[in-house]
Amino acid sequence: MLKKQYRLKNKSAFTATYRVKNSYHKGGITLFVGLLKKDKNSLTKVGFVVSKKTHKRAVRRNRLKRLMRESCRLALKSGELYNSQKYMSLIFVGGEHALDKKFSEVRNIIKDLLQRLE
RNA sequence: UAAAGCAAUCGAAUAAUCGCGCCUGAAUAAUUUUCAGGUGAGGAAAGUCCGUGCAUUCAAGGACAAACAGCCGGAGAAACUCCGGACGGCGUGAGCCGGUGGAAUAGUGCCACAGAAAAGAAGACUGCCGACGACUUUUAAAGUACGGGCGAUGGUGCAACGGUGAGUUAAGAGCUUCACCGGCGGUAUUGAGAAAUACCGGCCAGGUAAACCCCUGUUGAAUGCAAGGUUGAGUUGAGGGUUAUAAAGGUUGUCCGCCUACCUCAGAAAAAACCGCUGGAGAUUGAAAGUAAUUUCAAUACUAGACAGAUGAUUAUUUAGAAACAGAACACGGCUUAUGAGUUGCUUUAUUUU
RNA sequence: GUCGAAGUGGCGGAAUUGGUAGACGCGCACGAUUCAGGUUCGUGUGGUUAACGCCUUGAGGGUUCGAGUCCCUUCUUCGACA
């Protein structure tokens, strides 16, 4: 789990990120990217979403969110962020196909998505 | 030994590394950051099917209406709740299941098709009879397109106005004729009561109330913690703004006037903060009362409280090589549904041995 | 989290107080018309079976002689509240 300062919080911040319409997709996970940073010192905030339409049971949705958070944390720790720090906000949206994946698969997908950013 | 029934219990464990929410303490200007310590999801947290507390608004007297409940007794804050019993049904049995008031204390509706007739004791089908009256033939009697008597017979249907057998009769029929059975009412006894048992009676009364309805009982109504309360940055409007006692600046050099800062009041109010927010109709253990549900008393411990929303990842070992159903969002009592591998106790049936 | 509505052939959508489920339209198949296609007209069309029959209104029970309809439990879908 990421600490509070790295998390994307408000509803308006989420809608603002979606409105940019800059997205990447792989293996059931979609990555939405926000605008470029104006102040270089501010932190890049990350949000995780698995909607109720994806699956009905809360346990399986929480599981996917936790796997995505953990893999994101490890990426932050090891410095494999590539160009993601240029942007103000990132949102990972979990889909139906990602529900049954193991941790190593999810980690590879997220690593790949972060590499694609320019 | 096998197969069942009922009840209870458990709801993975240990170690290492990395990591998160909340609380406490220390450092710090600080609500930030760092360090240390503590603590962190269920038996159903679920479905939202019932019932409460709590909060706000309206009402507060009486009656009706409406909704809900519906064998009896008890428990409980209450409940489509629980316990014990009655009756009915299922099972060889241990046991299990039941929305179980009223259809002779009122009334209405419906019962398709078929059928004579579907609820008013009725006779238009198919039939039976010819005792009585009438008529015909004949005079011992026989017969019937008559007046009538009958409701047994046939077929229909979920259901045909008690059932089976005998007697009686012209033919027949519960026909206050008989035997047995079912149902109804009354009386007596037993029981706290539901009800049970016995006797007597009249002589039979269709089904449906999860159709309207009747009876008895209960309930103020509505909205749900996104309830609701407190503080309120910025903004808007009104008044004051050298004419009260402090008071700045702009518009042209001065004055008036106007505007702003500033002061007072009012409304509305965030992507803000705090309260509500977890110690309770509670849990465990023991004792007493009770068949039990439960109640009373005593002791013990109390350890989620988030707000894009905390329990995860990797490795190793073990049970069973890879553990089911499943995630708190104000709280509690039930019900219902989902659920892996086991463990324990009591009971029943069958088989074998002694 | 709270509240509300719906579920019927391949699709839309009927079925009045409980009484023969699938009207009607679209689609699909076959045939006719045409040199050919379209249009138009006719017939058929839930599943299973050789046929009779049996099963079927999201699923499972109940009440009833008889449930799409009445009652209970449950599943799925949709909507409202910010």
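Structural data are supplied above this passage.
Here, residues in each chain are numbered from 1, in the same order as that chain's written sequence. Working convention: letters from A go to chains and numbers from 1 go to ligands, in the order in which they are written. The predicted nature of this model means local features are confined to residues of pLDDT at least 70 and side-chain atom pairs, given and counted, to a pLDDT of 80 or more, with totals for whole chains, interfaces and linings taken over all residues. The basis for the side-chain values is all heavy atoms of the structure; hydrogens and waters are excluded.

(A) Main features of the overall build of chain A. A run of DSSP states H or I qualifies as a helix once it reaches four residues; a run of E qualifies as a strand once it reaches two. Both are numbered from the N-terminal end. A count of helical and extended segments in chain A gives three helices and four strands. Reading chain A from its N terminus to its C terminus gives the helix and strand order α-β-β-β-α-β-α. To sort residues, take the accessible area from a 1.4 Å probe on protein chains only and compare it with the maximum for the residue type: under 20% means buried, over 50% means exposed, and anything in between is partly exposed. In chain A, buried positions account for 39% of the 118 residues. It only takes one pair of heavy atoms within 4.5 Å for two residues to be counted as in contact. Here the contacts in chain A between residues at least 6 apart in sequence split such that 79% fall between residues at least 24 apart. For the area figures, the Shrake-Rupley method with a 1.4 Å probe applies, and any residue is considered shielded solely by the protein chains shown. Surface accessibility of chain A: about 7600 Å² in total, with carbon and sulfur atoms responsible for 49%.

(B) Just the pattern of salt bridges, in detail. What makes a salt bridge here is a side-chain nitrogen of Lys or Arg within 4 Å of a carboxyl oxygen of Asp or Glu, nothing more. In the structure shown here, the tally under the stated rule is three salt bridges. In this structure, Lys 26 engages Asp 112 in a salt bridge whose closest nitrogen and oxygen atoms are separated by 3.6 Å. With Lys 26 in strand β1 (residues 22-26) and Asp 112 in helix α3 (residues 103-116), this pair connects stretches of sequence that are 86 residues apart. Close ionic contact of Asp 112 with Arg 116 constitutes a salt bridge, the shortest N to O distance being 3.8 Å. Taken together, the residues Asp 112 and Arg 116, both in helix α3 and four residues apart, mark about one turn of the helix. Exposure remark for Arg 116: the relative accessible area of 36% places this residue in the partly exposed category. A cluster of three or more residues bridged by salt bridges with shared partners is formed by Lys 26, Asp 112 and Arg 116.

(C) Spotlight on the packing of helix α2 (residues 58-78) against α3. Following both chains from N to C, one finds α2 and α3 inclined at 55°, their axes separated by 9 Å at the closest point. Between α2 and α3, the angle is such that the two are oblique. Seen from above, α2 lies across α3 with right-handed handedness. When α2 is examined against α3, the residues Leu 67, Met 68, Glu 70, Ser 71, Leu 74 and Ala 75 are found in contact with a partner set consisting of Phe 103, Val 106, Arg 107, Ile 110 and Leu 114. Under this grouping Gly is polar, as are all residues other than the nonpolar Ala, Val, Leu, Ile, Met, Phe, Trp, Tyr, Cys and Pro and the charged Asp, Glu, Lys and Arg. In terms of residue class, the contact of α2 with α3 is made up of eight nonpolar, one polar and two charged. Between N-to-C directions, angles span 0 to 180 degrees; the directions come from axes that are lines fitted to C-alpha atoms, helices contributing only their stretch in contact. Geometric relationships in this document are graded by angle, where less than 35 degrees denotes roughly parallel, more than 145 denotes roughly antiparallel, 65 to 115 denotes roughly perpendicular, and other angles denote oblique. Should the near helix be turned anticlockwise from the far one by less than a right angle, the crossing is left-handed, and should it be turned clockwise, the crossing is right-handed.

(D) Region of interest: the pairing of strand β2 (residues 29-33). Of all the five residues making up β2, five are buried; the element is thus mostly covered by neighbouring parts of the structure. The two faces of β2 match: Ile 29, Leu 31 and Val 33 on one face and Thr 30 and Phe 32 on the other face are all buried. In this structure, β1 lies alongside β2, joined through five bridges in antiparallel fashion. In the sheet register, Ser 23 faces β2, and the bridge partner there is Phe 32. Here a strand pair is declared whenever DSSP counts at least two bridges between the two strands. Joining the antiparallel neighbours β1 and β2 is a turn of two residues, in which Gly 27 adopts a positive phi near 55°.

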